[in-house]
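Listed below, chain by chain, are the residues.
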Amino acid sequence: MNYISHLEEDEEESKKAIATMIKWRPGETTDALIAVDVKGEIRRYSAIEKKQIDAITTEEGENNRLFALDYSPDGQTFATGGTDHSVRIYDDATMKLKCIMDPFYTGKTGHSNRIFAVKYNKSDPNLLCSSGWDSTVIVHDIRKKGPVCGMLGTYV
């Protein structure tokens, strides 16, 4: 039995982007998953239909390689992080950018290097943390649109 599906058979090999993170959408259905890649693209796939069903390219494109991805516990939003040092929050239904976690709003320091991990708080979907090559974990509050605290000395 062949369980591997070729999703993009007609695409040139040189144009394919390397996925760096994939996540299943939380909830009752197990069909939808999203992937981020080194070209700054976010792609949604249907496991049942075995094909890509939606895609967006971040405004920064290849200047922001995406390495981190997580869904909010309710599946209504997802967060990304990459080489431009910013955490972005997207609406899952529309795949539109909702906000960028910006240190300007809270007066706290953000990341100074690429982000390799983002994770929502399971008990409070307004909180998420990020970590990367700058050896920090930063806690972000979506309501405040920026970081609220951080911890130095972590290595991801």
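For every chain, the first residue of the written sequence is number 1, and numbering continues from 1 onward in sequence order. Only residues with pLDDT of at least 70 get local features here, since the model is predicted, and only at 80 or more are side-chain atom pairs given and counted; chain-wide, interface and lining totals rely on the full set of residues. Calculated side-chain values reflect all of the structure's heavy atoms, with hydrogen atoms and water omitted.

Here the focus is the overall build of the protein chain. Comment: elements are numbered from the N terminus, with helices defined as DSSP H or I runs of at least four residues and strands as E runs of at least two. On a plain count of helices and strands, the protein chain comes out with 1 helix and 12 strands. Taken from the N to the C terminus, the helices and strands of the protein chain come in the order β-β-β-β-β-β-β-β-α-β-β-β-β. Each residue is placed in one exposure class: buried if its accessible area under a 1.4 Å probe, protein chains only, is under 20% of its type's maximum, exposed if it is over 50%, and partly exposed if it falls in between. Considering the protein chain as a whole, with its 156 residues, one finds that 39% of them fall into the buried category. The contact rule is simple, with two residues in contact once any of their heavy atoms fall within 4.5 Å. A fraction of 38% describes how many contacts in the protein chain between residues 6 or more apart in sequence connect residues 24 or more apart.

What follows concerns the environment of Ala-32. Here Ala-32 lies in strand β2 (residues 32-37). Between the C-alpha atom of Ala-32 and that of Tyr-45, which follows or precedes it by 13 residues, the distance is 5.8 Å. Among all residues touching Ala-32, those that are not within four sequence positions of it are Lys-23, Trp-24, Arg-25 and Tyr-45.

In this structure, His-140 sits in strand β11 (residues 136-141). The class of His-140 is buried, set by a relative accessible area of 3%. In terms of polar contacts, His-140 uses its side chain to reach the side chain of Ser-130, at 2.7 Å. Look past the residues within four positions of His-140 in its chain and what remains in contact with it is Val-87, Met-101, Asn-126, Leu-127, Leu-128, Cys-129, Ser-130, Gly-146, Pro-147 and Val-148. Pairs of N or O atoms within 3.5 Å make up the polar contacts considered here, provided that, within protein, one atom can donate a hydrogen while the other can accept it, and that residues adjacent in sequence are counted only when both atoms are side-chain atoms.

Attention shifts here to unusual backbone geometry. Unlike most non-glycine residues, Lys-50 shows phi in positive territory, near 55 degrees. Summarising the element assignment, Lys-50 is placed in the loop between β3 (41-46) and β4 (51-57). A positive phi angle, close to 60 degrees, is found at Met-95, a residue other than glycine. Taking relative accessible area as the criterion, Met-95 reaches 2% and is therefore assigned buried.

Our next topic: the pairing of strand β12 (residues 146-152). Successive side chains on a regular strand alternate, one facing one side of the sheet and the next facing the other. DSSP-based pairing: two strands are paired if at least 2 bridges between them are found. Looking at chain direction, β11 and β12 are connected through 6 bridges and run antiparallel. Along β12, the bridge assignment pairs Val-137 with Met-151. Hairpin connection between β11 and β12: a loop of 4 residues separates the two successive antiparallel strands, and Lys-145 in this loop has a positive phi of roughly 60 degrees.

Here the focus is the sheet that holds β2. Strand order in the open sheet formed by 4 strands is β1-β2-β3-β4, with antiparallel pairing between adjacent strands. Each end of this open sheet is capped by a strand with a single partner; those strands are β1 (19-24) and β4. Mean inter-strand twist for the sheet, computed between neighbouring axes without regard to direction, equals 20 degrees. In the sheet, β2 pairs with β3 via 5 bridges, with the strands oriented antiparallel. Residue pairing across strands places Leu-33 opposite Tyr-45, the latter belonging to β3. Lines are fitted to the C-alpha atoms to define the axes, a helix being fitted only along its stretch in contact, and any angle between axes, read from their N-to-C directions, falls within 0 to 180 degrees.

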